[in-house]
Amino acid sequence: MEEAIRRALERSGADYAEVRLERASRSQVLFRKDKLENLERSVESGGIVRCLKDGGWGIAVFNDVSELPEKVAEATRFAKLVSKHSDEEVRLASVDPVQETVRATLDRDFREVPLEEKKKLMEEYNRIILSHDKRIVSSTVRYTDSFRELTFANSEGTYIVQEIPDITLMLAAVASDSPQNIQQGFESLGTAAGFEYVLGRESDAQAAAQRAVDLLTARPVKGGKYTVILDPALAGVFIHEAFGHFCEADFLYKNERLRKIMQLGTRFGNDDLNVVDEGYIPGLRGNVPYDDEGTPRAKTYLIKNGILAGLLHSRETAARMGAEPTGNARAVSYEYEPIVRMTNTYIEPGPHSFEELISGIDHGVYAVRAFGGQTVFEQFTFSAAYAYEIEHGEIGEMLKDVVLTGNVFETLRSIEMIGNDLKMFGGAGGCGKEGQFPLPVTDGAPHIRIANVTIGGK
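All values reported here derive from a predicted model rather than from experimental measurement.

What counts and how
Residues numbered from 1 in each chain as written. Predicted model: local features only at pLDDT ≥ 70, side-chain atom pairs only at ≥ 80, totals over all residues. Heavy atoms only, no water. Helix = DSSP H or I, 4+ residues; strand = E, 2+ residues; numbered from the N terminus. Buried < 20%, exposed > 50% of the residue type's maximum accessible area, 1.4 Å probe, protein only. Contact = heavy atoms within 4.5 Å. Lys, Arg positive; Asp, Glu negative; His and termini not counted. Charge placed at Lys NZ, Arg CZ, Asp CG, Glu CD. Core = buried A, V, L, I, M, F, W, Y, C linked by side-chain atoms within 4.5 Å. Pairing = 2+ DSSP bridges. Axes fitted to C-alpha atoms, helices over the stretch in contact; angles between N-to-C directions. Disulfide = S-S within 2.5 Å. Phe/Tyr/Trp six-rings, centres within 6.5 Å; stacked < 30°, edge-to-face > 60°. Salt bridge = Lys/Arg side-chain N within 4 Å of Asp/Glu carboxyl O. Left-handed = near helix turned anticlockwise from the far one by under 90°. Nonpolar A, V, L, I, M, F, W, Y, C, P; charged D, E, K, R; others polar.

Trainee: Summarise the overall build of the chain; cite the residues concerned and give the values.
Mentor: A count of helices and strands for the chain gives 10 helices and 25 strands. Along the first, second and third principal axes, the C-alpha set of the chain runs to 70 × 55 × 35 Å. When burial is assessed residue by residue, the chain has 56% of its 458 residues classed as buried. Taking contacts inside the chain between residues at least 6 apart in sequence as the whole, the part at least 24 apart equals 73%. Between the centroid of the 53 positive side chains of the chain and the centroid of its 70 negative side chains there is a distance of 3 Å.

Trainee: Before we move on, can you summarise the environment of Glu416 with the specific residues and values?
Mentor: With respect to the helices and strands, Glu416 occurs in strand β20 (residues 415-418). Distance in space between the C-alpha atoms of Glu416 and Pro440 is 31 Å, their sequence separation being 24 residues.

Trainee: With reference to specific residues and values, describe the environment of Pro325.
Mentor: Relative to the helices and strands, Pro325 is located in the loop between α8 (315-321) and β13 (329-330). Considered as a pair, Pro325 and Ser94 are 231 residues apart in the sequence and their alpha carbons are 8.1 Å apart. Among residues more than four places away in sequence, those in contact with Pro325 are Ala93, Ser94, Val95, Thr295, His313, Ser314, Arg315 and Ala318.

Trainee: Give a detailed account of the nonpolar core, specifying residues and quantitative values.
Mentor: Counting 45 residues, the largest nonpolar core has Leu230, Phe243, Met262, Leu404 and Leu412 as the members making the most contacts within it. The element best represented in this core is helix α5 (residues 232-243), accounting for six residues. Sequence-distant contacts of Leu230, that is, excluding residues within four places in its chain, are made with Ala235, Phe238, Ala367, Leu404, Pro446, His447, Ile448 and Ile450. Leu106, Phe110, Ala173 and Ala175 belong to the second largest nonpolar core, which has 30 residues in total.

Trainee: Summarise unusual backbone geometry; cite the residues concerned and give the values.
Mentor: For residues that are not glycine, phi is negative in most cases, and the peptide bond is trans in most cases. For the bond from Phe437 to Pro438, the omega torsion is -5°, close enough to zero to count as cis. Position of Pro438 relative to the elements: it lies in strand β23 (residues 436-439).

Trainee: Tell me what's going on with the sheet that holds strand β24 (residues 442-445), and back it up with residues and numbers.
Mentor: Strand order in the open sheet made by the six strands is β12-β11-β10-β15-β24-β21, with mixed pairing throughout. At either margin of the open sheet sits one strand with a lone partner, and together these are β12 (307-308) and β21 (423-425). With three bridges joining them, β21 and β24 adopt antiparallel strand pairing. Paired with Lys423 across the two strands is Ala445, which belongs to β24. Each of β10 (275-278), β11 (299-304), β12, β15 (344-347), β21 and β24 is contacted by α5, which is oriented at about 120° to β24, the strand it contacts most.

Trainee: I'd like a rundown of the state of the cysteines, residues and numbers included.
Mentor: By the definition in use, this model includes zero disulfides. Distance from the sulfur of Cys431, which forms no disulfide, to the nearest cysteine sulfur (Cys247) is 13 Å.

Trainee: Let's hear about the packing of aromatic side chains: which residues, and what values?
Mentor: Under the definition given, this model contains 13 aromatic pairs. For the ring pair Phe238 and Phe380, a centre distance of 5.3 Å and an interplane angle of 70° mean the geometry is edge-to-face. Linking Phe238 in helix α5 with Phe380 in strand β17 (residues 379-391), this pair joins segments that are 142 residues apart in sequence. With respect to class, Phe238 is no different from Phe380; both count as buried.

Trainee: Outline the pattern of salt bridges, supporting the account with residue identities and numerical values.
Mentor: In this structure the tally under the stated criterion is 37 salt bridges. Across the pair Glu116 and Lys119 runs a salt bridge whose closest N-O atoms are separated by 3.8 Å. Of this pair, Glu116 and Lys119 both sit in helix α3 (residues 115-130), separated by three residues, roughly a single helical turn. Look at Lys119 and you get buried, because its relative accessible area is 16%. For Glu316, the salt bridge is made with Arg320, and the minimal N-O distance between the two is 2.8 Å. With Glu316 and Arg320 both in helix α8, this residue pair falls four residues apart, about one helical turn. On the basis of relative accessibility, which here comes to 18%, the residue Glu316 falls in the buried class. Using a relative accessible area of 26% as the deciding quantity, one classes Arg320 as partly exposed. Connected via shared salt-bridge partners are Glu18, Arg50, Glu293 and Glu337.

Trainee: I'd like to hear about the packing of α3 against helix α4 (residues 202-216), residue by residue, with values.
Mentor: Relative orientation of the contacting elements α3 and α4 amounts to 35°, with a least axis distance of 8 Å. Here α3 runs over α4; the crossing is right-handed. Contacts from Tyr125, Ile128 and Ile129 in α3 reach Glu202, Ala205, Gln206 and Ala209 in α4. Across the contact of α3 with α4, the residue classes break down as five nonpolar, one polar and one charged.

Below, the structure is given as structure tokens:
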């Protein structure tokens with residue numbers, strides 16, 4: 001196979017050529033309420049060729065590897081056509097050729113676990129949720145696993161084989177005590193590990209169900225401005241969604257206004273604020289030993305001591321902006337070309353304990369986990385899964401309907417204190433961008449305390 005790939009690339013006639021092959025096995029189990037809605041196992045394979053000729057990209061996708069020579073020729077032909085109509089010549093930043101094989105090690109390989117065993121385990125978690133309380137009216141239990149073997153080769157001599165495992169579990173409960181009062185609790189879990197990761201999750205199922213029940217009697221938050229403490233999960237979502245995407249150079253390159261705001265050296269927070277994207281941390285979903293252009297992983301400081309210190313790049317954006325590639329060119333599958341994406345993104349721990357964060361807050365909100373949200377340019381809106389009031393430095397009663405809104409840059413500057421309890425979260429979903437979803441990522445943070453946060457409510 002390697003010889004055939006190298007021969008096809010050598011004969012491309014392009015200025016640069018690359019091929020990415022993928023073989024992926026997947027399985028899924030899905031229960032909704034008392035029904036098994038999906039039970040599947042699949043194996044798929046295919047590849048994509050990208051060729052660069054006279055500054056234009058040509059792309060060809062295929063499922064039969066025997067078609068590789070003709071797909072390389074096709075992509076080169078497309079590249080020539082594109083170059084004649086392109087206003088800007090594509091160039092690639094230099095990356096040293098590498099030859100490596102990266103194998104995954106799993107304690108219990110989920111590919112060897114019978115689908116019936118996976119179904120039986122999810123059925124038990126679903127039973128625990130539905131039987132937890134008479135006010136539980138519905139449930140969702142979803143299990144997924146995937147094992148991708150990726151082969152990447154280019155005309156510069158790089159040849160990489162790497163294995164990427166991924167396993168997720170969503171446990172969700174819906175409780176209701178009247179048609180007007182319907183609440184949801186959930187546990188969203190994901191990592192790069194074997195089947196052992198989803199065993200023994202009975203307490204997570206019970207926690208999801210109990211939270212849905214507790215929210216039935218929780219008090220709606222009163223709208224206003226508060227000093228807010230975000231828990232590590234919600235702070236991680238905030239830094240990924242509201243700020244991290246601005247650091248993706250392909251997005252930034254197309255937005256002149258944001259480029260002026262996101263100038264390296266600009267202060268965005270206090271000296272304790274450090275934001276990182278790191279391509280490999282053992283066991284995390286966002287791991288990419290090499291990205292989908294063959295660039296090795298990196299640890300990139302986006303904010304260092306409160307100052308914008310770096311951006312995330314592919315080879316193309318690095319060349320355009322005079323930077324180094326950071327190993328962030330990723331594709332959700334062989335059907336797509338790589339674009340700039342985050343990997344494992346987090347706020348580094350600060351100096352403060354949780355007790356120090358909460359101390360001195362007379363009237364505030366402790367917001368926990370993210371239920372959803374969106375960003376529109378610098379404005380963000382996130383719904384907390386649940387929250388608690390803070391009264392005179394103490395955690396008070398449970399709150400619901402907590403929606404946080406604001407300008408991301410003003411909010412970063414309003415971070416008063418950063419905790420010392422960093423936690424990372426893979427979750428059961430993934431990141432979406434330009435139609436590529438769900439890409440496995442991880443985000444995280446310690447507890448953070450923010451002043452003057454606008455919270456919508458009654």
